[in-house]
Amino acid sequence: MKKKFFITSVLVLGFGQVMYSQESNDLDLGNISGNTQVIAQYYNEDTLINAALPDHIMGLNSFTNINYSRGNFRAGFRYETYLNPLEGYPSGFSGTGIGYRYVNWKNENINITVGNFFEQFGSGTILRAYEEPNLGLNNALDGIKIKYEPYKGINLTGLIGKQRVAFDDGFQNGNGIVRGFDGDIDFNTLFDSTFADSKFRISIGGSFVSKYNNDNNTADFILPKNVGAYGGRIAMRYGKVRFSGEYILKENDPYPNPTDERFNYIYNNGEGILLNLGYSTKGLGIDLSAKHNDNMLWRSTNVSVAPTSLLIGFLPTMSKQHTYNLASTMYPYAVNFLGEVAFQADIIYKIPKKTAIGGKYGTSININFATAYSPNRTYLNDMDSSRKAYTTTPFNASDSAFVKDFNVEIKRKFSKKFKAALTYFNFVFDDRAILVAQHHELIYADIFVAEATYKINKHHSVRIEAQHLRTDQDRGNWAYGLIEYSISPHYFFAVMDQYNYGNSIEVERLHYPLATAGYLKGPHRFSIQYGKQRAGVFCVGGVCRAVPASNGVTFTLTTSF
């Protein structure tokens with residue numbers, strides 16, 4: 001606590017000194033900017049849906065960022081408040097205090113950050129320090145980061161730090177130390193005189209990241225205190241065609257897995273491969289992706305922690321991130337840390353306007369298919385000796401599919417006032433791998449969505465959504481409806497309802513109504529909602545957290561200055 005107080009004091013005194021000296025010379029005092037977010041929820045009792053009802057009745061998550069900049073100098077901090085954290089938020093959040101602070105200086109060639117910072121190497125498989133406040137995920141590094149451009153087109157990054165793991169009246173770091181170096185060469189920029197007019201573009205990069213930790217708390221195994229990961233990447237583009245690829249190798253990093261002995265403290269290396277091929281032209285875009293991950297769980301500790309804690313690398317999901325309610329909340333796919341072989345194809349085609357099929361304004365069609373399988377492994381039966389556990393080869397998929405997601409979306413503007421969209425989803429979901437529905441079986445589901453927006457006049461518009469989910473597994477069929485009325489530029493109102501009318505248990509055929517109203521003005525946004533929300537899973541980018549059922553009022557305020 002004394003350390004945090006000291007650092008905060010230095011920042012405040014530094015701001016004051018700069019501003020005082022500049023005021024004395026009647027010069028520019030610099031700029032102060034920031035933003036605030038407040039989410040408060042008041043809970044009601046609702047035994048019918050088994051709603052969360054904490055003793056404190058009300059939860060609050062809030063943060064404010066304050067940034068100061070002048071010339072090449074930047075500094076700032078974030079003040080966070082969890083009194084008490086919202087229900088369903090990950091454990092490890094409590095109280096109020098400084099959650100992030102940094103000092104940064106840069107010129108044309110060098111950029112130095114001291115304190116907390118975020119960073120990503122390549123796709124993030126080898127290193128991604130980032131935050132997602134809605135998930136309670138924040139693995140910011142606390143240390144020093146240096147970026148250097150020795151020559152145009154060559155960019156180098158070096159860093160070292162500890163990761164944020166929790167918040168208790170201020171941020172808390174894990175014990176592990178993360179060290180990394182990354183280099184990137186853009187040949188078109190480096191040799192601009194040669195490639196200035198070339199349609200061919202190419203860049204390459206490489207990364208090395210290692211961790212040190214002494215959290216090894218088992219007497220049964222000898223665990224490495226230093227573990228490294230390294231790899232390279234390439235990105236090319238010629239005219240309308242682009243390709244990118246990345247390969248990462250992680251040294252053996254035994255980690256506990258009490259639920260499956262086959263993966264408990266195994267000494268296999270980890271491997272990650274990510275490939276992407278794309279083509280785009282007027283009215284058509286095609287994107288093909290493939291991913292192989294095996295044993296790429298990559299943390300700065302060897303002790304069991306929460307699923308999203310102390311992650312060094314990020315395993316990107318290969319499935320489309322859906323926005324419609326039933327598709328995004330009923331069966332979202334979370335990346336399997338043990339390994340997966342995944343593929344995705346995405347095609348966007350716009351039927352030309354002023355044609356018989358395309359209509360006056362044109363019609364867009366988006367077809368997407370994504371699937372992920374368990375790798376095909378040959379188990380070695382050596383858990384009493386070398387503990388290599390199994391062997392596998394890249395993109396060798398088993399016939400065990402974690403998820404299959406096929407969806408088609410058609411959007412059309414019929415007039416200046418009216419536009420509509422139709423979407424179909426087909427899911428095959430292995431809940432034994434992801435445990436979202438907690439029914440431990442294959443789930444087959446179809447979802448149909450119809451959406452329409454009508455602009456009444458310059459300021460008033462109404463949007464309607466109707467969704468239906470059909471399945472013979474889990475809790476049966478669902479219906480969802482939404483009506484949203486907007487008064488531009490300041491007000492919006494919405495009512496929605498989820499209805500589990502197909503539940504095989506009659507008393508659980510429940511409605512989940514929810515009403516929302518909001519006000520916007522410039523950078524300020526305030527909203528209030530009241531109603532019921534069912535228990536489920538909330539996901540962003542393949543990372544998920546469980547959300548309990550709730551009944552109550554939620555206030556949200558976001559603003560910037």
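Residues numbered from 1 in each chain as written. Predicted model: local features only at pLDDT ≥ 70, side-chain atom pairs only at ≥ 80, totals over all residues. Heavy atoms only, no water.

Student: Even after reading the chapter, I still don't get the overall build of the protein chain, so can you show me in this structure?
Tutor: Broken down by element type, the protein chain carries 5 helices and 32 strands. A globule of 561 residues ought to have a C-alpha radius of gyration of about 24 Å, and the protein chain, at 26 Å, matches this closely. Overall, the C-alpha framework of the protein chain stretches about 70 × 65 × 60 Å when taken along its three principal axes. Evaluated residue by residue, the protein chain yields a buried proportion of 44% over its 561 residues. (Helix = DSSP H or I, 4+ residues; strand = E, 2+ residues; numbered from the N terminus. Rg over C-alpha atoms; globule rule 2.2 N^0.38 Å. Buried < 20%, exposed > 50% of the residue type's maximum accessible area, 1.4 Å probe, protein only.)

Student: Is there a simple way to think about the pattern of salt bridges in this case?
Tutor: Under the definition given, this model contains 21 salt bridges. Between E119 and K145 there is a salt bridge; the shortest N-O distance is 3.1 Å. Linking E119 in strand β6 (residues 119-121) with K145 in strand β10 (residues 141-151), this pair joins segments that are 26 residues apart in sequence. When sorted by exposure, E119 lands in the same class as K145, which is buried. The salt bridge involving E340 is made with K291; its shortest N-O contact spans 2.4 Å. (Salt bridge = Lys/Arg side-chain N within 4 Å of Asp/Glu carboxyl O.)

Student: Help me understand the side chain of R377, please; the structure alone is not making it clear to me.
Tutor: Looking at where R377 falls in the secondary structure, it is placed in the loop between β19 (363-375) and β20 (378-379). Within the structure, R377 has its side chain in polar contact with the side chain of D294 (distance 3.3 Å). For R377, the side chain forms a polar contact with the main-chain oxygen of L338, separated by 3.0 Å. (Polar contact = N/O pair within 3.5 Å; in protein donor to acceptor, adjacent residues only side chain to side chain.)

Student: How should a positive patch on the surface be read in this particular structure?
Tutor: Taken together, the side chains of K282, K350, K353, K354, K360, K411, K413, K416, K419, K455 and K458 define a basic patch exposed on the protein surface. Tracing the chain through its elements places K416 in the loop between β22 (397-413) and β23 (418-430). Looking at K416, the relative accessible area reads 69%, which means it is exposed. (Patch = residues over 30% accessible without salt bridge, like charges linked within 9 Å, V, L, I, M, F, W, Y side chains within 5 Å. Areas by Shrake-Rupley, 256 points an atom, 1.4 Å probe, with all protein chains shown as cover. Lys, Arg positive; Asp, Glu negative; His and termini not counted. Charge placed at Lys NZ, Arg CZ, Asp CG, Glu CD.)

Student: Just checking my understanding: could you explain a nonpolar patch on the surface for this structure?
Tutor: On the surface, Y491, F493, Y519, F526, I528, F555 and L557 cluster together into a nonpolar patch covering about 570 Å² of accessible area. Taken together, the elements giving at least two residues each to the nonpolar patch come down to β27 (491-499), β29 (524-533) and β32 (550-560). As for its position among the elements, Y491 is in strand β27. A relative accessible area of 39% means that Y491 is categorised as partly exposed.

Student: How should I be thinking about the environment of P352 in this particular structure?
Tutor: Mapped onto the secondary structure, P352 falls in the loop between β18 (339-351) and β19. Placed 22 residues apart in sequence, P352 and S374 show a C-alpha to C-alpha distance of 41 Å. Setting aside chain neighbours within four positions, we find P352 in contact with G358, G359 and G362. (Contact = heavy atoms within 4.5 Å.)

Student: Help me out: how do you make sense of the pairing of strand β16 (residues 270-281) in this one?
Tutor: The side chains of a regular strand alternate, residue by residue, between the two faces of the sheet. In the sheet, strand β15 (residues 241-250) pairs with β16 via 10 bridges, with the strands oriented antiparallel. Paired with L249 across the two strands is E271, which belongs to β16. Pairing between β16 and strand β17 (residues 284-294): 11 bridges, direction antiparallel. Bridging across to β17, T281 finds its partner in L284. Here β16 folds back onto β17 in antiparallel fashion, the turn holding 2 residues, of which G283 has a positive phi close to 90°. (Pairing = 2+ DSSP bridges.)

Student: What am I meant to see in the pairing of strand β11 (residues 154-168) here?
Tutor: Pairing between strand β4 (residues 93-106) and β11: 2 bridges, direction parallel. Note that in β11 the partner of F93 across the bridge is F167. Here β10 pairs with β11 via 9 bridges, running antiparallel. Considered in β11, the bridge of I144 is made with I160. Hairpin connection between β10 and β11: a loop of 2 residues separates the two successive antiparallel strands, and G153 in this loop has a positive phi of roughly 95°. Taking the residues between adjacent antiparallel strands as the criterion, β11 and strand β12 (residues 171-186) are bridged by 2 residues, where D169 takes a positive phi near 55°.

Student: Which parts of the structure should I look at to understand the nonpolar core?
Tutor: Formed by 30 residues in total, the largest nonpolar core has its most connected members in L326, Y331, F425, I447 and L469. Secondary-structure elements contributing two or more residues to this core are α4 (325-329), β22, β23, β24 (442-455), β26 (478-487) and β28 (511-521). In contact with L326, other than residues within four places in its own chain, are Y331, I447, Q467, H468, L469, W478, Y480 and Q498. By size, the runner-up hydrophobic cluster in this structure holds 17 residues, among which are L127, V178, I248 and M296. (Core = buried A, V, L, I, M, F, W, Y, C linked by side-chain atoms within 4.5 Å.)

Student: Quick question: what am I supposed to make of the environment of I357 here?
Tutor: Relative to the elements of secondary structure, I357 occurs in the loop between β18 and β19. With sequence-adjacent residues up to four places away left out, I357 is seen in contact with I351, T363 and R412.

Student: Would you explain the confidence of the model for the protein chain in this entry?
Tutor: Any residue range with low pLDDT should be treated as having predicted coordinates unsuitable for detailed reading. Residue-level pLDDT values for the protein chain average 91, and 94% of them are 70 or greater. Long-range and interchain partners of residues 1-24, a stretch whose pLDDT sits below 50, account for 24 contacts in this model, where long-range means more than four residues apart. (pLDDT = per-residue confidence, 0-100.)

Student: Can you help me understand unusual backbone geometry in this one?
Tutor: With glycine set apart, most residues show a phi of negative sign, and most peptide bonds adopt trans. Going from L83 to N84, the amide bond is cis rather than trans, its omega being -25°. Along the chain, N84 turns up in the loop between β3 (73-82) and β4. Along the chain, S488 connects to P489 via a cis peptide bond; the corresponding omega equals 5°. Assignment of secondary structure puts P489 in the loop between β26 and β27.

Student: What am I meant to see in the environment of A372 here?
Tutor: Of note, A372 is situated in strand β19. For A372, a relative accessible area of 2% translates into the label buried. Among residues more than four places away in sequence, those in contact with A372 are Y333, E340, V341, A342, S400, A401, F402 and V403.

Student: Would you mind showing me how to read the packing of aromatic side chains here?
Tutor: Scanning all chains against the criterion turns up 21 aromatic pairs. Site record: aromatic cluster; members linked through ring pairs are Y82, Y89, F93 and F167. (Phe/Tyr/Trp six-rings, centres within 6.5 Å; stacked < 30°, edge-to-face > 60°.)

Student: I'm lost on the side chain of N67 in this one. Help?
Tutor: Its place among the elements puts N67 in strand β2 (residues 58-70). Engagement of the side chain of N67 in a polar contact is seen with the side chain of Y102, the distance being 2.8 Å.

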